[in-house]
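Listed below, chain by chain, are the residues.
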Amino acid sequence: MADHGISDAGFVEAVAKHLNLSPPLLPADILGRLKAESCEATVVLTGREPFDEAKWEKVLLQILVETSTSKPMGKVSSKQVLAESVLEVQNLIKMLGKNVSNKELLYKSLLKILLLVLTDPKVLTGEVVQFLHTLQKEKRVFGISVQAVVTRLFRIYEEQTTIPQPKSFKYLPFQRAIPFFPDYGIHITIAFPNATLTKSMQKKCILLLQKMSGQCDKLNNPKEETVMDYNVGFDPKIWVQWLELFNLKPSRPVVDAVTETKPENNFLAKHRKLTQSEIHLWFFIKGTQQQYCDLLAKSVTDFCGKNKLSCFLSSAYKKNDGKLFGGYFMDGISNAVDPMSLEREVLISGVSPQTGESNCEGGTFAFIQKFRFDIPIFSDSSIPVKENMIGRDGTYSETLANIEERAHIKRARKIRPEDGTNVEFLRQALPIVSSESHDEHGLFFAAFGMSIQRFTEIFQNMFGDPKSDFTQDLLLTHVQGHSGGFMYCPSADELQYVPAFTDGTIYPIIPFWMKFKSSNPLLFYNHIQYMYYMTTNQYAGLDPPSKRVLHLLSTTFQRWHSTWIHKFDVPRMPHLEKFLDEEELQSLDTWSIPYRKGLSYKIMLGSVLTSNNDSPAADGNVYGTSDHFGTFQINPKELIVGVTERLSFGSGKEVMPYLLDSELDLSWDLALTEFGNMGHVVPGHQYILELGVNGMLEKLKGKLTNTLLTDEQKEFYKSAILAFEGVQLYMLRYSSLACKTACNLDPKTTKAEDRINLREIAKRMTHLALEKPPYSFHDAVQLIFSMHCCLHLVGQAVSVGRLDQLLQPYYQRDLENNVITREKAQDIIDSFFIKFDEHVVLNAYNIPYGHTTYGSTCVTGRGGPFGTGDSLNQWIQQVTLGGYTHDGKDACNDITMMCLNACRRLPLNSPCVSLRLTPHTPLIYKEAAAKAILSGGAHPILYHDDRMVAGMLDALRQSFLKSNLAIPLDLEKVALDYCADGCYEPMFQGRTEFLFGYVFLLQAVMYTMNCGMNYQGAGPINLVGGAASYRSELPEEIKTFDCFKKIFLRHLRRLVQNLFGVILGSYGNSWKICPSPLLSCLIEGCVDSGRDMSNGGSRFHTITPMYVGFTNTVNSLYNVKEMVYGLNNTTSLKSFRMALINNWGVNMVEPFYDTVDVGVVQTEMWSQKYLAMREHALSLPKFGTQTANSEVNAIAEWLAENMNKIAYDVLYDSPLTEVYHGLQKKYHVQGKPFAFQILTGAGTFENYVSVGAGCGATPDGRLNGQPTASDCSPQPYAQDKPVPRTHLLDIVDSLKPYSEINLHLHIPGGCEVDLFIEEDFPMESLLEFIEAYVAGKTGSNLISITCVNKETLTNAENEPQKFDLVRNRMGGWSNFFVALFPEHKKQHLRRMYFGPHKDSQK
């Protein structure tokens, strides 16, 4: 031991002095050990000698060795000390910066950071991590200790930002065999003499159970895939006797069951189709080997023989891959098979046993019935009749798209009105087969459920009125119950002699769901696979969501699954006048439109959409339940409450009409209705977080007291006050619902934690509605979601914004005050994400429709509904993460990681997550993003922050300069704070309104080819086509490609003028018909100016001309250049035009060719010529692929540059400029000049099918009506051509042109490239691509990546239910592939696929 002549305390003080730190900030125990072990450490750490790099290397390594097995202590004694240490680290970083050449400063800084972190890891801020990345990327060679310290700090940081792997779930103690659906089964029913269980017989039964359990343990052999098990059930009355022999009382569910099975109450005893037999004890022996089932059965029959008990035995086994009715119908597909779903739907849970009662948690009830059925009649029926009878196809057992109301699978399900889920039970049916002919003559059916009442509800739906001879279920008209009854299957705690399900239990699930399985362990094809792996400790990510979250997710899956069979439509919203009293009706026509708008919001939020059977709306009706709007429901396990609108973007919207009859003509003239206010911006949730709901109301009421207000300003404030009173009522209604739900939960049959949670929800919602702004993290998340719900429910579809920046301060404060744990915060984030996705429709044929009008979705200032088929399951719900802070630092934080975890672990399509990447984004966030992408959700989408910010900042500056206005000083801060709108359009969060419309680039190509006419309609009626643009030169007059381009730009300018003419000419009209009082209060400028955002109130006014068909247009222009004007040209422009008019020879049209008479032969000759021309066109280089050459890329750059230039020219240098100046004058406010900001965009979003449908054949080889490429992505393979064997494009090299031609400067409004990769894409290769993308070596300003095999999509077409979690990017958001219509599916099946970069492959 070394003696240094200094005490431990003195040594700590000396080190602190040398490092300029406060002694409490240092880990005294670690320094004490170093002092005792090393003289050198004492000398170096106290600064007794000049700097010596070698000695510092040695000491740093000693410290690392000394602390290698210890974790950070977290012993900071006060908040003040912690704040001091954080400040110290920040000062270190500022002082050192990126200059790491000063070795002494570097070593000292690293040592100080390490010692501070070892004291408390909370000092590891994003700023520190950014500094560590700087060190990691430096090309200089540092000593090994520097690398080791950096690695250690990264590891500590990762530990702080990664959710710990949860302990194994604690499952209810149910009988292990319950979820096991066997290949072979034997049912044995036993009756006791006089229906009495004696003490002697009880002991004998116990010995039998113990014997059978021992036999199962010996027979089970995982290596040989041998599984043996059994269930045991009792007549409820006999079970009561069993308990009494142990001096126990039955629990409440069993007592209820005794009552429900009395003859006068028993549904089975009443219905002619079912039978209640005298059964007191029931065994269901299950196994994969028949001989072993027989062995267990012999134990039971021997027991019955010795004790002279009456017993009946029925053997059954799976035939035809488990299909019944002659191999036609597979039962039990929708079974709950994982422990979480069993707990929710099948097992008794939440029961708190009273003194002396048996604990029935984990128990369940069984309905057993031996059925006979008329096989000949069923077999002789036609295939359509069989499918109609069952509701599934006979080949794949998939649910039919359109199901007959009396189909079996529809009648066997009952929807709960409170939440839209199915009332379900666990079904297991095995055919009974003749021992001689091996033909089916019946089946033995066993079902498990948490109550007999549940069975009765379903049976009434299936069999109908017991007094009637009419059977509701078509299939059941051919069956007759022969024997059976209701049984109680005790929990494994109650009956300790049966095998119990444990945490490590792995059991086979129905092969239907496991027929296809991805080689990618992070990706799941269907919800059964997902729940099975997540709940049985088999998840490759090692950190499954919590039990609470999985419970909520399981409920959500069930809600989605209901849409395969049931259509959930919504009624039309009644007119405002239906909710007014007589006095209010007298004033109705004196109220302004803004006032009526605000009042409609208040009534919708505070009454109509928050009504149920207990609390009807003001008109006496109920609208909030699942059989109506489905907007008012609560789950006792929810952490975040509220429900968004059921109608997705494609289905339209329902809001309360308020216009008077006298105003309808004006609304028609303006192409606007009450449905017109679109939203489609990002609200400033920071404003409501700062003020709270009540604070916002006080601010609005204060503004209204100003005596100098104009009438317009007064109406705005009145409208906004009414709207926020609606928000207040909405939150109070949810508070009341939580209270009532808690009171209605029986303490004897529900969990105390659920009742406590509901009461906390009630308290939280009341506080947020009436009191101060949110203080806690949980409150902040709830307030954001409540506002999000309210906005969506009143028709304002909006995104969330920069969630991590909004929430991090609340989380950090709660963490420091020990109010919250990281695990709880992750649960809240997970619950928040699930809430966005509750109304998914998986069966596209069950979508609600008929809710669009001529004045809907006025994104240009005039109405025009989006295509319904394109936009299903799209609610415009984006969450933006990462990027830069306002002051240009890395913005990634704890909430960023939690959201990325949610992306990976929750198989949702909404919210769609966007991750802003910077050169400073820490590696762990990129890794988390890569894992999320590989999990198959097609998100996060990846923004290149430097490109986005540079492009937007340039666009903003140009807009102000060209408008002759001073450039705001905070413009860079505004640009740094951008986030994603509903699809991917960059938006200034809470600062702007948004106007955009499509400009169809391919139309300009058609008009150039065809003298300003659209040749899609060419033929006998329109001849060469309909006039659409100015009359331009004939094809033969266009002598050069430069001339062609010049004409193309003139037509393109005309298209842009049309769009800007609509936007400028309609500006302000929305205020007259459909103002936005609620959303306006969350947009900077509106509250202060007293103007609605539709009336010029916002600070910024963004216009995005969205150019459609970029890639197809680039390829078309290149083909024209090569085929007409190239050195090896093959055709004239005139012939080219004729080829396109005749759809490349596929559809030869009159009057150009005689298709029916003497010219048929000649027509066929020309057809073949055009088809050959098309083959040549398809073979030429294509943009965005490795075939692209410098000429293709040059055309792309030329096109992008001119798209942006034309947009500016039209607004600032055209006849429309005068209109613009008029708007500037009209909406100018002192100190707040009015100007439009142009953010040129290029994309299709989800509309590539509908866009292509309205476009004729194009020079790139596309046929008339075929879809375009999505966004700025590579052009897919032609839909009429065979898709070549998978050819993988180099993911880095193929996208280099996007980077080299600086698209981001010309298209600052986003030019997304949608990539598809295969499921086995290596993680390291994906990270390499992300790094290359962030470094600016490849890609555009925005990338999306879908991870799915082409084969997976093909299989999903035929067997959709087995792939109900497969998602793909739709151009602007993600959807479930099975929910798409066939035309959209075809497009994704023909996408280009990208493989790893060639260098990484090496």
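A.B. asks: Can you walk me through the overall build of the protein in this structure?
C.D. replies: A tally of helices and strands in the protein yields 51 helices and 30 strands. The C-alpha extent of the protein, read off along each of the three principal axes, is 115 × 105 × 75 Å. Within the span of the protein, comprising 1402 residues, buried residues form 65% of the whole. For the protein, the exposed surface amounts to about 49,600 Å²; the carbon and sulfur share of it is 52%.

A.B. asks: Would you mind showing me how to read helix 3 (residues 39-46) here?
C.D. replies: The α-helix advances 3.6 residues per turn, and as a result positions three or four apart in sequence lie on the same side. Listing the buried residues of helix 3 in full gives Ala41, Thr42, Val44, Leu45 and Thr46. Phi turns positive one or two residues past the end of helix 3, at Gly47, with a value near 70 degrees.

A.B. asks: Where do I start with the pattern of salt bridges in this structure?
C.D. replies: For side chains bearing opposite charge, pairing can occur when the charged atoms are close. Across all of its chains, the model carries 45 salt bridges by this definition. In this structure, the salt-bridge partner of Lys318 is Asp183, at a minimum N-O distance of 4.0 Å. Residue Lys318 is located in the loop between strand 4 (310-317) and strand 5 (323-324), and its partner Asp183 is located in the loop between helix 8 (144-161) and strand 1 (184-191); the two are separated by 135 residues in the primary sequence. The exposure class assigned to Lys318 is partly exposed, which follows from its relative accessible area of 21%. A single salt-bridge network, built from bridges that share partners, covers Arg802, Asp970, Asp977, Arg991, Glu1084 and Arg1099.

A.B. asks: Which parts of the structure should I look at to understand unusual backbone geometry?
C.D. replies: Across the chain, the bulk of peptide bonds are trans and the bulk of non-glycine residues have phi less than zero. With omega at 5 degrees, the peptide bond leading from Ser910 into Pro911 counts as cis. Its place among the elements puts Pro911 in the loop between helix 31 (894-905) and strand 15 (912-917). Each neighbour pair has its own omega, and for His939 with Pro940 the value is 10 degrees, a cis peptide bond. Summarising the element assignment, Pro940 is placed in the loop between helix 32 (923-937) and strand 16 (941-944). In this structure, Lys308 is a non-glycine residue whose phi angle is positive, near 55 degrees. Turning to its location among the elements, Lys308 is positioned in the loop between helix 13 (290-306) and strand 4. Judged by relative accessible area, Lys308 falls into the exposed class, the value being 76%.

A.B. asks: Is there a simple way to think about the environment of Trp242 in this case?
C.D. replies: Along the polypeptide, Trp242 turns up in helix 10 (residues 236-245). Sequence separation of Trp242 and Thr196 is 46 residues, and the distance between their C-alpha atoms is 9.7 Å. Excluding anything up to four places from it in sequence, Trp242 contacts Leu197, Gln202, Cys205, Ile206, Phe234, Leu495 and Tyr497.

Rules used in this analysis
Residues numbered from 1 in each chain as written. Predicted model: local features only at pLDDT ≥ 70, side-chain atom pairs only at ≥ 80, totals over all residues. Heavy atoms only, no water. Helix = DSSP H or I, 4+ residues; strand = E, 2+ residues; numbered from the N terminus. Buried < 20%, exposed > 50% of the residue type's maximum accessible area, 1.4 Å probe, protein only. Areas by Shrake-Rupley, 256 points an atom, 1.4 Å probe, with all protein chains shown as cover. Salt bridge = Lys/Arg side-chain N within 4 Å of Asp/Glu carboxyl O. Contact = heavy atoms within 4.5 Å.

All we've got here are geometric facts, nothing functional implied.
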